[in-house]
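Each chain is listed here by its residues.
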There are 2 protein chains.
Amino acid sequence: MNAPTLPYALACPAPLTESDRILIGHGSGGRLSHDLISRLFLPVFDNAALRAGDDAGVVQPNPGTRLAICTDSHVVWPLFFPGGDIGRLAVCGTVNDLAMMGARPLYLTAGFILEEGLEMGMLARVVESMRSAAAEAGVEIVAGDTKVVQRGKADGLYINTAGVGVVPLGLDLGGVRAEPGDAVLLSGPIGDHGLAVLAARGDLGFTVDAVSDVAPLNHLAARMLEASDAVHVLRDPTRGGVAATLNEIARQSRVGIALSEEAIPVRPPVNAACEVLGLDPLQIANEGKLLAVVGPDDAERVLGAMRATRYGEEAVRIGEVLAAPPGRVLMRTALGGTRLVDMPAGELLPRIC
Amino acid sequence: MNAPTLPYALACPAPLTESDRILIGHGSGGRLSHDLISRLFLPVFDNAALRAGDDAGVVQPNPGTRLAICTDSHVVWPLFFPGGDIGRLAVCGTVNDLAMMGARPLYLTAGFILEEGLEMGMLARVVESMRSAAAEAGVEIVAGDTKVVQRGKADGLYINTAGVGVVPLGLDLGGVRAEPGDAVLLSGPIGDHGLAVLAARGDLGFTVDAVSDVAPLNHLAARMLEASDAVHVLRDPTRGGVAATLNEIARQSRVGIALSEEAIPVRPPVNAACEVLGLDPLQIANEGKLLAVVGPDDAERVLGAMRATRYGEEAVRIGEVLAAPPGRVLMRTALGGTRLVDMPAGELLPRIC
């Protein structure tokens, strides 16, 4: 639902029709997802929080309280993968969506859809993993729900987590706030989550030494916001990867973004697997990384704060915000050229989160 | 997750083991659901809001703000049925869980799990139905998420809605607050939703003139709370019906509840279908009814307030709270006898909501 609302429609194909059908790509965080959201959901559910198109809606139930509210359903397959599982993913994904709005995540809900026949031991492992991730993030799971569907009507289990956090009065992060001159920071190497899940499916024909980065980023985000009041945008590059996330920000703020290919960290095994598979690491989902757009004078200070935290040790500056071309992300390649980094189409890696 | 936490364990069978498997009955709101929640989820996610075992968790993010937070995943089949559809159900179910805590529902999230191949026109109808129900309730859908799974990994679509509402300072509703002498009120006839969905499946072999009662009850609840400060418990009898809900309250408050069979309204076609099918209307899910436990001196005033609202016109008094037997619900039958109204076992009507 949290999608760019601006010039994107210009680039869209023909309108959705009644007889169109949902494709796997509608769930992959790329162009098809954005079409669906901007054409089918947003015009109907229209309100200010949704229109902002950020990772969580920000609302104010009373003058002294600002809340960030978000939701994510998790359908990752397989349920367990190197570095994590659907339970850790469900908690961290929602904690991170709140943290990206500058919120202190406080409360989560957990809605389980279980397939008849699921082993109780497997469910217990997932629940324990959720507990552990919630404890690390410092959030409580304050409400829950369990539904069961017949065999063949789900795939083991799906988990929805919604989250509520408190946003400090006066703090205003959002995809519309990138300004020409701002630095673009990345908290560490990209692509690990997507490759770890893909490898865990066992159908690659070769092994990949990738471990999911799935982690709660709220403590990292808090240190960054303590270090500077010039943090303009925080966003975690999940489905659609860094490519989708930076395209969203470029469109929301009507700015250009220029990246330096050499500056973007990718671990060697992830890079090698991407080359074999024809995948672009920029389009691969991460679950424990964030992108930040920060005023240039504070960039080094914020990087220092990031590097002092567990999940930001490998933080780097990867690019800058330009006045033009608006809505576009460009990459200066290692060979000295420039290429366009487009919004992924979306059929890349289904059920990655 | 919102389940009795008290003497229930005493009545439970052997502990869950790793090799046990999820059964359809674990999702039906009866005894198996309660086992799963009280043994597998509650001990792991332990916190005060969950332990209360009410329809929503109540938390206090700052001294001036109390929030109710809840979640429900919806897997009803078929997606459309007389009187409603999965979209209206998803909005009303969550609005009602908030309203049952005395909260003013404000914000909803919507998480969609779509099956590849779903017709866009069907999704659009569901989304429009959600918009309409949200407008009726006066809530905004402030965050959303869309995932897609392969054909055969869902059943059209599943919708999770989580909700956030504001609870007035000083208001304290909850299943633990029933007191001997209190009146038990019911907002109207029971069983319509369950029978409407069952009939829509088309495999009964006969038709049932039942229309789901699915409706937002927040305005009804607000009028009741304005009329009296002796409303002790509000709860909507969804999965497991009036039988499950009153058993929960009896256990939470360690009181007995005595019902008068003649006072409980059931529409003739619903009653007739239940007789043919061997179903007990007390165990059938409702989606637009509430039960209230109210101090005896205020019962008539609260009934009057209920009857002045759209969804409370047929409100009646159906019983009273007793000091004993604790944790039990008894029914005075039309023939002058007394029978135990037990917690349903739970395999009754899968995927009713």
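A quick note: this is a predicted structure, and the numbers were derived from the prediction, not measured.

What counts, and at which threshold
- Residues numbered from 1 in each chain as written.
- Chains lettered and ligands numbered in written order.
- Predicted model: local features only at pLDDT ≥ 70, side-chain atom pairs only at ≥ 80, totals over all residues.
- Heavy atoms only, no water.
- Pairing = 2+ DSSP bridges.
- Helix = DSSP H or I, 4+ residues; strand = E, 2+ residues; numbered from the N terminus.
- Axes fitted to C-alpha atoms, helices over the stretch in contact; angles between N-to-C directions.
- Contact = heavy atoms within 4.5 Å.
- Least-squares fit on C-alpha atoms with pLDDT ≥ 70 in both.
- Salt bridge = Lys/Arg side-chain N within 4 Å of Asp/Glu carboxyl O.
- Buried < 20%, exposed > 50% of the residue type's maximum accessible area, 1.4 Å probe, protein only.

Caption draft 1: Fine view of the sheet that holds strand 11 (residues 291–294) of chain A. Residue and element names in this part refer to chain A. Here seven strands make up an open sheet; going across it, the order is 9-11-8-12-10-13-14 and the pairing mixed. Two strands in the sheet have a free side with no partner beyond their single neighbour: strand 9 (231–235) and strand 14 (338–340). Along the sheet, successive strands turn relative to each other by an average axial angle of 25°, direction set aside. Pairing analysis gives four bridges linking strand 8 (residues 183–186) to strand 11, with the strands arranged antiparallel. Residue pairing in the sheet places L185 in a bridge with A292 of strand 11. Contacts from helix 9 (residues 299–307) reach strand 8, strand 9, strand 11 and strand 12 (316–322) within the one sheet, and its direction differs from that of strand 8 by about 10°.

Caption draft 2: Focus on the relation of the copies chain A and chain B. You can overlay chain A on chain B at an RMSD of 0.0 Å; the transform is a turn of 180° with a shift of 0.0 Å along its axis. Taken together, the rotation angle and the small translation identify this as a two-fold axis. Interface residue correspondence from chain A to chain B reaches 100%, placing this contact among same-surface, isologous pairings.

Caption draft 3: Expanded view of the pattern of salt bridges. Scanning all chains against the criterion turns up 44 salt bridges over all chains. Two residues, E136(A) and R310(A), come together in a salt bridge whose shortest N-O distance is 3.6 Å. Taken as a pair, E136(A) in helix 4 (residues 120–137) and R310(A) in the loop between helix 9 and strand 12 lie far apart in primary sequence, 174 residues in all. Note on E136(A): relative accessible area 24%, which makes it partly exposed. Between D72(B) and K147(A) there is a salt bridge, with its nearest N and O atoms 3.4 Å apart. In this pair, D72(B) sits in strand 2 (residues 65–74) while K147(A) sits in strand 6 (residues 140–149), so the two residues belong to two different chains. By relative accessible area, D72(B) is classed as buried at 11%. We classify K147(A) as buried; its relative accessible area is 3%. Connected via shared salt-bridge partners are D54(A), D55(A), R235(A) and E248(A).

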